[in-house]
Amino acid sequence: MEQKKYAVFTMDVERFSDTECIYSSGIQVNVDLMDGLDEYLSILDKYHIKSTLFTVGELAPRIADRLRSYIHRGHQIALHSYSHVAPITVPLEQFREKIRHAKQRMQELLHVDVVGFRAPCFSMDKDHLNVLKELGFLYDSSFLDFQPARHTVKWDLQNFKQLRENIFHLDNFYEFGLSREKVLGLPFPISGGGYVRLSNWGFVKTLIQHYIHHNDYYVFYLHPFELTKQKIPFLKELKSYDKYYIKQGIQTYSRRIEQIILMLQKSGYEFVTFEQLVQIMNKEACATV
Ligand SMILES: [Zn+2]
């Protein structure tokens, strides 16, 4: 029997200044461009899609009312670390304490269980992942497995059982990896962010179409600034590529997202949050025992 197909739409909810190239340059910017979050959810509303919002812990108190209203509308909140620092650069003990605190604080602030995690810059490894399991998280979604990405390391999920392409399971914990499609034998990320926004649309659309036809799990992610209607500040100190990264394709990204949604709909995908997917995978596991 053919398996059901699932798509998960997510956002890494962070300030514009958290964008890696801006943060690492030390340039001060005083706009958050958080309107892109509202824009994203209004696109998803059109298609009745609920999203998983990976939110930076230290940002949550400043946008708590907004997050509460999104929870009320059926979206789910997960953690995008305590601050926007690559986890693999943080010593394990420090990471454990900071994440324990951020999880608890976000739960108290929003009155929901926070059971999911995505690492800033997809920067995760086995040891930091074990900390998440110890702290009671049910899933992580940081597995990108794309070597050119900054702050990522080659990271194996050896002990995990692979349930589907990019879904891995171990001891009641799931790793939901990002989707990739091979180009000339090498995997290329097709899950959103700059990869989908900056690439030629004909090229990336063909890759996504091919992937979703042959698989049964797809995940999409982006950041608030990528859908902002505000003017993106001109930061003359940034390197040329980084200037291009923060501006290129912002005007047309919402159209691309809608086209991806339509492709998924046409291919019979069901749209779920990661917490729902955990429940679905648990049920599938029970059914096969
Ligand atoms: Zn991030």
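Anything mentioned here points back to the structure above.
Nothing here was measured: the structure is a model prediction, and the numbers come from that model.

**Student:** Provide a residue-level description of the coordination of the zinc ion, including the pertinent values.
**Tutor:** Donor atoms from the polypeptide that coordinate the zinc ion comprise Glu14 (OE), His80 (NE2) and His84 (NE2), at 2.0 to 2.1 Å from the metal. Read in sequence order, the donor residues coordinating the zinc ion give the pattern E-x65-H-x3-H. Here His84 lies in the loop between strand S3 (76–79) and helix H4 (92–110) and Glu14 lies in the loop between strand S1 (5–13) and helix H1 (20–25), a separation of 70 residues in the sequence. On the basis of relative accessibility, which here comes to 7%, the residue His84 falls in the buried class.

**Student:** Mind laying out the packing of aromatic side chains, listing which residues take part and the relevant values?
**Tutor:** Throughout the structure, instances matching the rule amount to 20 aromatic pairs. When the ring of Phe9 is compared with that of Phe271, the centres are 5.8 Å apart and the planes differ by 55°; the resulting orientation is tilted. Of this pair, Phe9 sits in strand S1 while Phe271 sits in strand S12 (residues 269–271), placing them 262 residues apart in sequence. Grouped by ring-pair contacts, the aromatic residues Phe54, Tyr139, Tyr174, Phe176, Tyr217 and Phe274 constitute a single cluster. Directly above the aromatic system of Phe137 lies the positively charged group of Lys103, at a separation of 5.3 Å from the ring centroid. Between Arg197 and the ring centre of Tyr245, over which it is positioned, the NZ or CZ distance is 4.9 Å.

**Student:** Any chance you could break down the packing of helix H7 (residues 201–214) against helix H9 (residues 253–266) for me, citing the residues and the numbers?
**Tutor:** As a packed pair, H7 and H9 sit with axes 10 Å apart at the nearest point and diverge in direction by 25°. Relative to H9, the element H7 lies roughly parallel. Considering how the two elements wind past one another, H7 and H9 form a crossing that is right-handed. Between H7 and H9, the residues in contact are Trp201, Lys205, Ile208, Gln209 and Ile212 and Arg256, Gln259, Ile260, Met263 and Leu264, respectively. Looking at the contact of H7 with H9, its residues break down into six nonpolar, two polar and two charged.

**Student:** Lay out unusual backbone geometry with the relevant residues and their values.
**Tutor:** In most cases, non-glycine residues show a negative phi, while peptide bonds are predominantly trans. Positive phi, normally seen in glycine, also occurs at His48, with a value near 55°. Among the structural elements, His48 can be located in the loop between helix H2 (35–46) and strand S2 (52–55). On the basis of relative accessibility, which here comes to 71%, the residue His48 falls in the exposed class. With a phi close to 65°, Asn172 is a non-glycine residue in the positive phi region. Examined against the element boundaries, Asn172 turns out to sit in the loop between strand S7 (167–170) and strand S8 (173–176). Of the residues examined, Asn172 reaches a relative accessible area of 61% and is grouped as exposed.

**Student:** An account of the side chain of Ser199 is needed here, citing residue identities and associated values.
**Tutor:** Along the chain, the position of Ser199 falls in the loop between helix H6 (193–198) and H7. Polar contacts involving the side chain of Ser199 include one to the main-chain carbonyl oxygen of Tyr195, which spans 2.5 Å. Apart from residues lying up to four places away in sequence, Ser199 is in contact with Phe188, Gly194, Val204 and Arg256.

**Student:** Quick one: what's the story with the pattern of salt bridges, residue by residue and with numbers?
**Tutor:** Counting across every chain of the model gives 18 salt bridges. The partner of Asp32 in a salt bridge is Arg62, and the shortest N-O contact between them spans 2.7 Å. Within this pair, whereas Asp32 is found in the loop between H1 and H2, its partner Arg62 is found in the loop between S2 and helix H3 (64–72), the two being separated by 30 residues in sequence. Judged by its relative accessible area of 52%, Arg62 is exposed. Here Lys126 and Asp156 are joined by a salt bridge, their closest N and O atoms 4.0 Å apart. Of this pair, Lys126 sits in helix H5 (residues 126–134) while Asp156 sits in the loop between strand S5 (139–140) and strand S6 (161–164), and the two are 30 residues apart along the sequence.

**Student:** Before we move on, could you go through the layout of surface pockets and cite the residues and values that matter?
**Tutor:** In this model, the second largest pocket occupies a volume close to 210 Å³. Forming the walls of the second largest pocket are Glu39, Leu227, Thr228, Lys229, Gln230, Lys231, Ile232, Lys247, Ile250, Gln251 and Ser254. Broken down by class, the residue content of the lining of the second largest pocket amounts to three nonpolar, four polar and four charged.

**Student:** Mind laying out the pairing of strand S11 (residues 217–220), listing which residues take part and the relevant values?
**Tutor:** Regular strands have side chains that alternate between both faces of the sheet. Residues Tyr217 and Val219 line one face of S11 and the alternating positions Tyr218 and Phe220 line the opposite face, and both faces are buried. Note that S1 and S11 share four bridges and pair parallel. Pairing of Tyr6 across the sheet is with Tyr217, part of S11.

**Student:** Break down H2 for me, with residues and values.
**Tutor:** In this model H2 runs 17 Å from its N-terminal to its C-terminal C-alpha over twelve residues, within 8% of the 16 Å that 1.5 Å per residue would give. Looking one or two residues past H2, His48 carries a phi angle of roughly 55°, positive in sign.

**Student:** Could you give an account of the environment of Gln28, with specific residues and numbers?
**Tutor:** Inspection of the secondary structure assignment puts Gln28 in the loop between H1 and H2. Sequence separation between Gln28 and Ser17 is eleven residues; the distance between their C-alpha atoms is 7.3 Å.

Scoring rules and cut-offs
- Residues numbered from 1 in each chain as written.
- Predicted model: local features only at pLDDT ≥ 70, side-chain atom pairs only at ≥ 80, totals over all residues.
- Heavy atoms only, no water.
- Donors = N, O, S within 2.8 Å, 3.2 Å for Na, K, Ca; no water.
- Helix = DSSP H or I, 4+ residues; strand = E, 2+ residues; numbered from the N terminus.
- Buried < 20%, exposed > 50% of the residue type's maximum accessible area, 1.4 Å probe, protein only.
- Phe/Tyr/Trp six-rings, centres within 6.5 Å; stacked < 30°, edge-to-face > 60°.
- Lys NZ or Arg CZ within 6 Å of the ring centre and 35° of its normal.
- Axes fitted to C-alpha atoms, helices over the stretch in contact; angles between N-to-C directions.
- Parallel < 35°, antiparallel > 145°, perpendicular 65-115°, else oblique.
- Left-handed = near helix turned anticlockwise from the far one by under 90°.
- Contact = heavy atoms within 4.5 Å.
- Nonpolar A, V, L, I, M, F, W, Y, C, P; charged D, E, K, R; others polar.
- Polar contact = N/O pair within 3.5 Å; in protein donor to acceptor, adjacent residues only side chain to side chain.
- Salt bridge = Lys/Arg side-chain N within 4 Å of Asp/Glu carboxyl O.
- 1 Å grid on protein atoms, 1.4 Å probe; cavity = no way out; pocket = protein on both sides within 12 Å on 5 of 7 lines; lining within 4 Å.
- Points joined across faces, edges and corners; volume = space filled by probe spheres on them.
- Pairing = 2+ DSSP bridges.
- Expected span 1.5 Å × (residues − 1).

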